[in-house]
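Below, each chain spelled out in residue letters.
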Amino acid sequence: MKGSRRLARQAVVQALYQWQINPSSCDEIELEFLTDHERLAGANQGFFLELWRGACAHLETLDPAIAAQIPDRRWTSEISEVERAILRLAAYELRYHPETPYRVIINEAIELGKAFGAEQGHRFVNAVLDKLAQEWRGVEFMAKSQSS
């Protein structure tokens with residue numbers, strides 16, 4: 001059985017995907033997810049809200065940071081909607097949730113990419129998040145690299 005935090009992350013990716021495809025306010029999408037109990041079945045609702053609200057609030061700073069890691073591709077037109085949603089969620093967690101080890105965040109993003117993304121999309125997600133982890137979690141990244 002999938003963990004409640006993993007299901008919360010999955011729901012955030014679905015919400016971000018929905019927002020990207022059919023833009024509406026973050027509040028409207030949040031309400032939709034909260035009132036449709038099937039969408040959050042088994043998920044940690046508090047964690048979903050924390051991630052969803054945080055990602056929405058920080059998109060203007062997250063998007064340029066992610067785009068900077070992929071200078072050879074256009075962020076809005078050459079990255080699939082699914083991978084973009086996964087990257088936004090994981091970038092938010094990397095930046096604003098230092099209590100969660102970066103390897104956990106990247107692993108969760110890879111699993112979401114395998115489940116919902118293009119055939120090799122999880123590799124792209126891994127590469128981008130690895131660069132962000134080096135930038136934002138330098139001390140943690142170096143400590144893990146030296147112990148490996």
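Residues numbered from 1 in each chain as written. Predicted model: local features only at pLDDT ≥ 70, side-chain atom pairs only at ≥ 80, totals over all residues. Heavy atoms only, no water.

Colleague: Let's hear about empty space enclosed by the protein: which residues, and what values?
Modeller: Considering all chains together, one arrives at one cavity of 30 Å³ or more under this definition. In this model, the largest cavity occupies a volume close to 30 Å³. Around the largest cavity sit Arg 9, Ile 86, Leu 89, Ala 90, Glu 93, Ile 105, Glu 108, Ala 109 and Leu 112, which together line it. Among the residues forming the lining of the largest cavity, the class breakdown is six nonpolar, no polar and three charged. (1 Å grid on protein atoms, 1.4 Å probe; cavity = no way out; pocket = protein on both sides within 12 Å on 5 of 7 lines; lining within 4 Å. Points joined across faces, edges and corners; volume = space filled by probe spheres on them. Nonpolar A, V, L, I, M, F, W, Y, C, P; charged D, E, K, R; others polar.)

Colleague: Outline the side chain of Gln 69, supporting the account with residue identities and numerical values.
Modeller: Structurally, the position occupied by Gln 69 is in the loop between helix H3 (45-68) and helix H4 (81-96). Judged by its relative accessible area of 12%, Gln 69 is buried. Setting aside chain neighbours within four positions, we find Gln 69 in contact with Val 128, Lys 131, Leu 132 and Glu 135. (Helix = DSSP H or I, 4+ residues; strand = E, 2+ residues; numbered from the N terminus. Buried < 20%, exposed > 50% of the residue type's maximum accessible area, 1.4 Å probe, protein only. Contact = heavy atoms within 4.5 Å.)

Note that all results are geometric; they support no functional claim without further evidence.
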